[in-house]
Amino acid sequence: MRFPFALTKKIASHIIRHKLRKTPRFAMVLQLEPLHTCNLTCTGCGRIREYSTSLKDMVPLEQCLEAAIECDAPMVSICGGEPLIYPKIEELVNGLLAQKRVIYICTNGVFMRKKMRDYLAAIYSPAVEPKLEKLLDRKLISDKDAETIRKSDDAAGKKVVIRPTQWMYWNVHVDGLEFTHDLIVEREGVFKECVEAIKMAKILGFQVATNTTVYRETDVAEIEDMFKFLSSLEVDGHTISPGYDYDAAKKDMVKRLGRDPKEFFLTRDMTRQKFAKIQDWGRAFTIFGTPVYQEFLAGKRELTCTAWAIPTFNIKGWKAPCYLMTDGHYGGYQEMLAKVQWEKYGVVNGVARDPRCEHCMVHCGYDPSGALGTNYQRGDNWKNFKYNFGAKPKPFPASPELAKRAYNGVTIGKGHLAEAKAAINSPAAGARGAFSRKEEEHGRNGNGQPAHVGTFCGDGGGSGRDDLPAKIGDAKKSG
Ligand code: SF4
Ligand code: SF4
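Worth saying up front: this structure is predicted, and the values here are computed from it rather than measured. (Residues numbered from 1 in each chain as written. Chains lettered and ligands numbered in written order. Predicted model: local features only at pLDDT ≥ 70, side-chain atom pairs only at ≥ 80, totals over all residues. Heavy atoms only, no water.)

### Overview of the overall build of the chain
Definition in use: Strands here mean DSSP runs of E at least two residues long; helices mean DSSP runs of H or I at least four residues long; both are numbered from the N terminus. Working definition: with a 1.4 Å probe on protein chains only, accessible area under 20% of the residue-type maximum means buried, over 50% means exposed, and in between means partly exposed. Throughout, a contact is declared for two residues whenever any of their heavy atoms are within 4.5 Å. Residue exposure ignores everything except the shown protein chains as possible cover, and the areas themselves are Shrake-Rupley values with a 1.4 Å probe.
Counting secondary structure elements, the chain contains 22 helices and 13 strands. The proportion of buried residues among the 479 residues of the chain is 59%. Here the contacts in the chain between residues at least 6 apart in sequence split such that 77% fall between residues at least 24 apart. Surface accessibility of the chain: about 19,600 Å² in total, with carbon and sulfur atoms responsible for 54%.

If you want it as structure tokens, here you go:
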């Protein structure tokens, strides 16, 4: 089976139960943001900007658990900020597991190995030695780490930890191969750390997924290489979604610069071009997301947004209308369902009900539409069934060539970030900087780049992505 049977059964029963009850709107995945603090400052992160005044605030554990009970989504994606910074993350994961939910911990990967060392210390006995030896052999832990784990005392044994279970996935943010990913997260070494964390997790029996956002500048061939590489690491599944262009930047571009936004934004047409091969990817790799959503991304059909099925809960309450756009926060999920005028949002038959939705095709708005039978076409149920119950694609064979293509940045001495940052942050250049000016020389805008916003941690209205296309382009040229 492509996905674990127990998980598929749980989600299918949830949908069937609500369909039988004729519930008009219900939650499929809760996007739970216990905090917005992060150890990284990725280019264009919407979360650390939109919630910049409440970065130090956290949702109390009890409230997080109550939110999950209230919306009763079978799946909870714990995101943020960086959720592994949340002081009660272990209690949160265990509390949600006790509620029998499927958990995705959406992480930038930097603290994953630390959490897994805590797990090893908590379960340490001589029986763990073969795994420790394997981790040492592959340099995924140090000798000092191994000694600390071996010296585990009663306190370490009693610590609440995150343990492997079929009900939980580490969901690691990976936006490209080493060069691109480190550039986007603005820190060299993060890609390598993510890969080591994934390797360690697989040795310890955790399930691992990855999430990737595709931008206008994303090189499709690189995405294919990334899937091959991640598949060779035996990653269990991948979420991929187009970046989202929000309306304010577009208006600014037309009004102030008199430029056509289509020159710069990932429009619906461009998304369809980028995702033209998504169905091939779905056959070759374990792509999460229904085949119906994949057809939508490939431009083969229309879907209607069902943002209410993936609600977001954070320090300000239930965020509406969706993970990306904020028109308000509500005190309860049911209150949000009742008060938001859902018919004002989304795109229906190619016509945007709200101009801000015009080019949105993101996973959190449209993937549930595929599962819920919105815009149902004959044969959809069979397609979804066949995809879920079909054979899991085999891991892509690992090879030195593939690894060489993956480690194409700082690992091979191509340190690029300092120069890129210095140029962008140059006081003389203002907010944009030298890289953007170079773009202008190449016939692109120097002051009105789009605000690409991804669909996972940190998304939702950032403007710093404005610099990203230029930054990647120029850094690659100089690399
Ligand atoms: S179409 Fe996109 S931006 Fe608009 S409400 Fe749906 S998810 Fe949000
Ligand atoms: S995108 Fe995610 S990892 Fe990056 S700064 Fe934002 S919350 Fe942190």
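### Comments concerning the layout of surface pockets
Just so we agree on the cut-off: In this analysis a 1.4 Å probe is tested at points of a 1 Å grid over the protein atoms alone, and where it fits but cannot get out there is a cavity; an open set with protein on both sides within 12 Å along at least five of seven lines is a pocket; lining residues have an atom within 4 Å of a point. Grid points are joined across faces, edges and corners, and a volume is the space filled by probe spheres set on the points. Lys, Arg, Asp and Glu make up the charged group, whereas Ala, Val, Leu, Ile, Met, Phe, Trp, Tyr, Cys and Pro make up the nonpolar group; the residues left over, Gly among them, are polar.
Taken as a whole, the largest pocket spans an internal volume of roughly 1,100 Å³. Considering the residues around the largest pocket, the lining is formed by 46 residues, among which I11, M28, M75, T290 and A371 are closest to the centre. Counting residues per element, the ones that place at least two in the lining of the largest pocket are α1 (5-21), β1 (29-32), β2 (75-78), β3 (102-107), β4 (168-173), α17 (363-372) and α18 (380-389). In terms of residue count, the dominant contributor to the lining of the largest pocket is α1 (nine residues). Of the residues that constitute the lining of the largest pocket, the class distribution is 28 nonpolar, 14 polar and four charged.

### Focus on the sheet that holds β2
Within a sheet, each strand pairs with its neighbour through backbone hydrogen bonds, oriented either parallel or antiparallel. Stated formally: Pairing between strands requires that DSSP locate at least two bridges from one strand to the other. Think of each axis as a best-fit line through the C-alpha atoms, taken over the contacting stretch in the case of a helix, with angles from 0 to 180 degrees between the N-to-C directions.
One open sheet holds the nine strands; their spatial order is β6-β5-β4-β3-β2-β1-β8-β9-β10, and the pairing between them is mixed. The open sheet has two edge strands, β6 (237-242) and β10 (326-330), and neither has a second partner. Each strand of the sheet is rotated relative to its neighbour by a mean of 25°, with strand direction disregarded. The pairing of β4 with strand β5 (residues 207-214) spans five bridges and is parallel. Paired with Y169 across the two strands is Q207, which belongs to β5.

### Describing the packing of helix α6 (residues 129-137) against helix α7 (residues 143-150)
To be explicit about the condition: Orientation categories follow fixed angle ranges, with anything under 35 degrees roughly parallel, anything over 145 roughly antiparallel, 65 to 115 roughly perpendicular, and all other angles oblique. Should the near helix be turned counterclockwise from the far one by less than a right angle, the crossing is left-handed, whereas a clockwise turn marks it as right-handed.
α7 packs onto α6 with a crossing angle of 165° between their chain directions and a minimal axis gap of 10 Å. Between α6 and α7, the interaxial angle falls into the category roughly antiparallel. In the packing of α6 onto α7, the handedness of the crossing is right-handed. Across from E129, L132, E133 and L136 in α6, the residues of α7 making contact are D143, A146, I149 and R150.

### With respect to the site of ligand 1
Stated formally: Each residue is tested against the molecule or strand, and it is near if at least one of its non-hydrogen atoms lies within 4 Å. Assignment to a cavity or pocket requires that more than half of a molecule's atoms be within 2 Å of the site's grid points.
Taken together, Y244, C305, C322, M325, Y345, G346, C357, C360, G365 and Y366 are the residues near ligand 1. When atoms are counted within 2 Å of each cavity's grid points, the one that captures over half of ligand 1 is the second largest cavity. Of the residues in the shell around ligand 1, the class split is eight nonpolar, two polar and no charged.

### So, the pattern of salt bridges
Here is the rule: Note on definitions: salt bridges are taken to be side-chain nitrogens of Lys or Arg within 4 Å of carboxyl oxygens of Asp or Glu.
On inspection of all chains with the given rule, the structure shows 25 salt bridges. When the shortest N-O distance is used, the salt bridge between E196 and R113 registers 3.3 Å. Of the two residues, E196 is situated in helix α10 (residues 190-203) and R113 in helix α5 (residues 112-123); the sequence distance between them amounts to 83 residues. Taken together, the shared-partner salt bridges in this structure form one network comprising R113, K192, E193 and E196.

### Some remarks on α10
Cut-off, in case you're wondering: How far a helix is expected to stretch is found by multiplying one less than its residue total by 1.5 Å.
Relative to the 20 Å expected for 14 residues at 1.5 Å per residue, α10 spans 20 Å between its end C-alpha atoms, a close match to the ideal helical length. Burial analysis of α10 places 11 of its 14 residues in the buried class, which makes it a mostly covered element. Within α10, the full set of buried residues consists of V190, F191, E193, C194, V195, E196, A197, I198, M200, A201 and I203. Phi turns positive, to about 90°, at G205, one or two residues after α10.

The values reported here are purely geometric and, on their own, carry no functional implication.
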